[in-house]
Amino acid sequence: ANAVGSNTTSSFTARASDGINHTDRSFSLTVKAPYQTNSRSNGNHTMPSEINKIKVLLVGGGGGGGNNRGNGSGGDGGGGGVYYSTSMSVSGGSNYSWTIGGGGSARSCNNQSGCSGGASSFNGVSAGMGGGGMSEYNGNCNSGRSTGYTRNGGSGGCSFGANGSNGDSAGTYTINGYTVTNAGYQNQNSRWGGGGSNGPEPSGSTSGASGGIVIGY
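Values in this document were obtained by computation on a predicted structure and should not be read as measured data.

**Section: the sheet that holds strand β4 (residues 43-46)**
Ordered in space as β4-β8-β9-β10, the four strands form an open sheet in which the pairing is antiparallel. Across the chains shown, the open sheet's two edge strands, defined by having one partner strand only, are β4 and β10 (125-127). With strand direction ignored, the average angle separating the axes of adjacent strands in the sheet is 15°. Sheet topology note: the strand β9 (residues 120-122)/β10 ladder contains three bridges and is antiparallel. Paired with Ser121 across the bridge in β10 is Ser126.

Next up, the structure:
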């Protein structure tokens, strides 16, 4: 049976009989409701003793957008990497911590290029950061695509007006009723791990969005 909204307990009685004598025994069965927790910042969670598999979504921080002087444009920030699993192994009763990468600041690195975001990590897996977009001032950027993570972040735009790239496995995910839309997309800083956009000085470009985590069981 599947519980809906809350834990459900069913009780029943089994009877053994030889036709003359009988013995009754009562039983109960509890089906626990689906559980999820989500966070956009560092934290931790203790798994219930009976849990050994979980669902998890982990998103890295998006890169910031670069500045432009009005003669052209800078580059957009790249999206953070996205890790998703429906069957991650955990130890029941153990406490697990996570680190969530922040979004990269706009026009704050390398002569007003966007800064790269931060990587996120949990239980041995990682989601890399999106790269920062180029500054029109001198063509410098922090666009380098993150490498070495379980899921890498996308590069920032590194030419005039260039889009960044989406992080690995960017998309929409739902865990036990909680939906994260367009995670890890470039130039979507209203979304988890979204990259910032380029824009005119002094404040037209936008920062990348922080990553996040969803855990369900």
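Having put the structure on the table, let's press on.
**Focus on the pairing of strand β11 (residues 171-175)**
Taking every second residue as pointing to the same face, the buried face of β11 carries Gly171, Tyr173 and Ile175, while none of Thr172 and Thr174 on the other face is buried. In this structure, β11 lies alongside strand β12 (residues 178-183), joined through four bridges in antiparallel fashion. Residue Tyr173 lies in a different strand from β12, and its bridge partner there is Val180. The antiparallel pairing of β11 with β12 creates a hairpin that spans two residues between the two strands, and Asn176 there sits at a positive phi of about 50°.

**Considering the packing of aromatic side chains**
All chains considered together, the criterion is met by five aromatic pairs. Arranged with centres 6.2 Å apart and planes meeting at 55°, the rings of Tyr96 and Phe122 form a pair that is tilted. Placement of Tyr96 in strand β8 (residues 95-99) and of Phe122 in strand β9 is noted, with a sequence separation of 26 residues between them. Accessibility assignment for this pair places Tyr96 and Phe122 in one class, buried. An aromatic cluster of at least three residues, connected via ring pairs, comprises Tyr96, Trp98 and Phe122.

**Focus: the environment of Gly157**
Note that Gly157 resides in the loop between β10 and β11. For Gly157, a relative accessible area of 1% corresponds to the buried category. Between the C-alpha atom of Gly157 and that of Gly78, which follows or precedes it by 79 residues, the distance is 7.2 Å.

**Points about the sheet that holds strand β5 (residues 53-59)**
Backbone-to-backbone hydrogen bonds pair the strands of a sheet. The strands run either parallel or antiparallel. Taken together, the four strands give an open sheet; going across it, the order is β3-β14-β5-β7, and neighbouring strands pair in antiparallel fashion. Because the sheet does not close on itself, it has two edges, and the strands there are β3 (36-39) and β7 (82-89). Each strand of the sheet is rotated relative to its neighbour by a mean of 10°, with strand direction disregarded. By the bridge criterion, six bridges tie β5 to β7 in an arrangement that is antiparallel. Each residue of the ladder has a partner; that of Val59, found in β7, is Val82.

The rules behind each value
- Residues numbered from 1 in each chain as written.
- Predicted model: local features only at pLDDT ≥ 70, side-chain atom pairs only at ≥ 80, totals over all residues.
- Heavy atoms only, no water.
- Pairing = 2+ DSSP bridges.
- Helix = DSSP H or I, 4+ residues; strand = E, 2+ residues; numbered from the N terminus.
- Axes fitted to C-alpha atoms, helices over the stretch in contact; angles between N-to-C directions.
- Buried < 20%, exposed > 50% of the residue type's maximum accessible area, 1.4 Å probe, protein only.
- Phe/Tyr/Trp six-rings, centres within 6.5 Å; stacked < 30°, edge-to-face > 60°.

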